[in-house]
Amino acid sequence: MVERVIEVGGVRLCAEAFGDAGHPPVLLVMGAGASMLWWDEEFCRVLAGGGRFVIRYDHRDTGRSLTYEPGHPGYTGADLVGDAARVLDAYGVRAAHVVGVSAGGALAQRFALGHASRVLSLVLISTSSAVSGGGRVLAPPTAELMRFLSTVQADWSDADSVVAYQVDFARLLAGGRRPFDEEAVRALVRRDIGRAHDFAAARNHDLLPDGELPSAPLSSIAVPTLVIHGTADPMFPLPHGEALAEEIPGARLLALRDAGHGVERADWGAIVPAILEHTAAGRHL
């Protein structure tokens, strides 16, 4: 497949599609500060091989998409939600099955709430509720992860420092119950840095105001929803996924034993068939 830079509504976004455009479309939405490379290319090809038209894309301030000065994002969280529609427009897709991981899962929820006609179904991975309410008090990130985020820093002008930071962060997110493939993650981070216009700009995602986001409750989401969550997720412990599955009408929960935060290769054997089943034509009739 070939990456393409699209421009819709004055916004430049880099995207890549896999598979036959005549197949059911699946839009992959990555988490905060992460480019589309974190949707592994082989993972995308396996999904496409199951008869899906798979689209991944770089958020603003990641990869080859529109990049702002670090510390000065010229957009809001609502704009990131709208970018999902811009990508679909560029590919001529009226509505898609939307798969979001981590903060991408929150964007997917907001997209379903604000652009319901464009969402065929939702798959929410390693994420939590994007809207307040419900009266639940859920477990915070693990103490180890919080210590790392509050004490460890990278020199964002030094690629080696950034790689070391990102690898250590990925190791913690993996949950610690399985072997961690440090070399594979290190190679991915180096590719990500080399490909970005300005890798430091990805930190702008931590500074975004919400903008005009839909405020409807999760109970108003009417599309079929699959929640996938690791039992060892240190960012959003399993009760976050359980709460999502309870709050969205008819949602199903797939708990991945010993899985951490994200889409790990070890879980593709469970995740891919679940997504293909969930997005199958006629599955929800």
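Residues numbered from 1 in each chain as written. Predicted model: local features only at pLDDT ≥ 70, side-chain atom pairs only at ≥ 80, totals over all residues. Heavy atoms only, no water.

Draft legend 1. Helix α1 (residues 41-49), seen in detail. Every buried residue of α1 is listed here: F43, C44, L47 and A48. With its buried residues spanning 135 degrees around the axis, α1 presents them on a single face. Buried positions along α1 lie against β2 (11-18), β3 (25-29), β4 (53-57) and α8 (268-278). With its phi angle positive at about 90 degrees, G51 sits one or two positions after the end of α1. (Buried < 20%, exposed > 50% of the residue type's maximum accessible area, 1.4 Å probe, protein only. Helix = DSSP H or I, 4+ residues; strand = E, 2+ residues; numbered from the N terminus. Arc of directions from axis to C-beta. Contact = heavy atoms within 4.5 Å.)

Draft legend 2. Geometry of the side chain of H97. Following the sequence through the fold, H97 ends up in strand β5 (residues 96-101). Since its relative accessible area comes to 7%, H97 is described here as buried. Separated by 2.7 Å, the side chains of H97 and S121 make a polar contact. Among the polar contacts listed, one links the side chain of H97 to the backbone oxygen of T279, at a separation of 3.5 Å. The contacts of H97, once residues within four sequence positions are left out, are P24, P25, V26, L27, L120, S121 and T279. (Polar contact = N/O pair within 3.5 Å; in protein donor to acceptor, adjacent residues only side chain to side chain.)

Draft legend 3. Representation of the environment of S161 in the model. Positionally, S161 belongs in helix α5 (residues 159-173). With 99 residues separating them along the chain, S161 and T62 place their C-alpha atoms 18 Å apart. Setting aside its immediate chain neighbours within four residues, S161 contacts A154 and D155.

Draft legend 4. Geometry of the pattern of salt bridges. Applying the stated criterion to the full structure yields 17 salt bridges. As a salt-bridge pair, R64 and E3 come within 2.7 Å of each other at their nearest N and O atoms. With R64 in the loop between β4 and α2 (77-90) and E3 in the segment before β1 (4-8), this residue pair connects regions lying 61 residues apart in the sequence. Between D258 and R177 there is a salt bridge, with its nearest N and O atoms 3.3 Å apart. Of this pair, D258 sits in the loop between β8 (252-256) and α8 while R177 sits in the loop between α5 and α6 (182-195); the two residues are 81 residues apart in sequence, bridging distant segments of the chain. Here the salt bridges do not stand alone but share partners, grouping E3, D58, R64 and R195 into one network. (Salt bridge = Lys/Arg side-chain N within 4 Å of Asp/Glu carboxyl O.)

Draft legend 5. Quick peek at the pairing of strand β7 (residues 225-230). Across the six residues that make up β7, a large majority, six, are buried. Burial along β7 is two-sided: the face carrying T225, V227 and H229 and the face carrying L226, I228 and G230 are both buried. Note: strand β6 (residues 119-125) against β7, four bridges, orientation parallel. Bridged to V123 within β7 is L226. Relative to β8, β7 runs parallel, the two being bridged by five bridges. Within β8, the position partnered with I228 by the bridge is L254. Tracing the backbone out of β7, into helix α7 (residues 238-247) and back to the parallel element β8 gives a crossover that is right-handed. (Pairing = 2+ DSSP bridges. Right-handed = clockwise from strand over helix to strand, strands pointing away.)

Draft legend 6. Focus on the packing of helix α4 (residues 143-151) against α5. α5 packs onto α4 with a crossing angle of 165 degrees between their chain directions and a minimal axis gap of 10 Å. On the basis of their axis angle, the class for α4 and α5 is roughly antiparallel. For the pair α4 and α5, the crossing hand works out as left-handed. Touching E144, L145, F148 and L149 of α4 are Y165, D168, F169, L172 and L173, all from α5. Here the residues of the contact of α4 with α5 are counted per class, giving seven nonpolar, no polar and two charged. (Axes fitted to C-alpha atoms, helices over the stretch in contact; angles between N-to-C directions. Parallel < 35°, antiparallel > 145°, perpendicular 65-115°, else oblique. Left-handed = near helix turned anticlockwise from the far one by under 90°. Nonpolar A, V, L, I, M, F, W, Y, C, P; charged D, E, K, R; others polar.)

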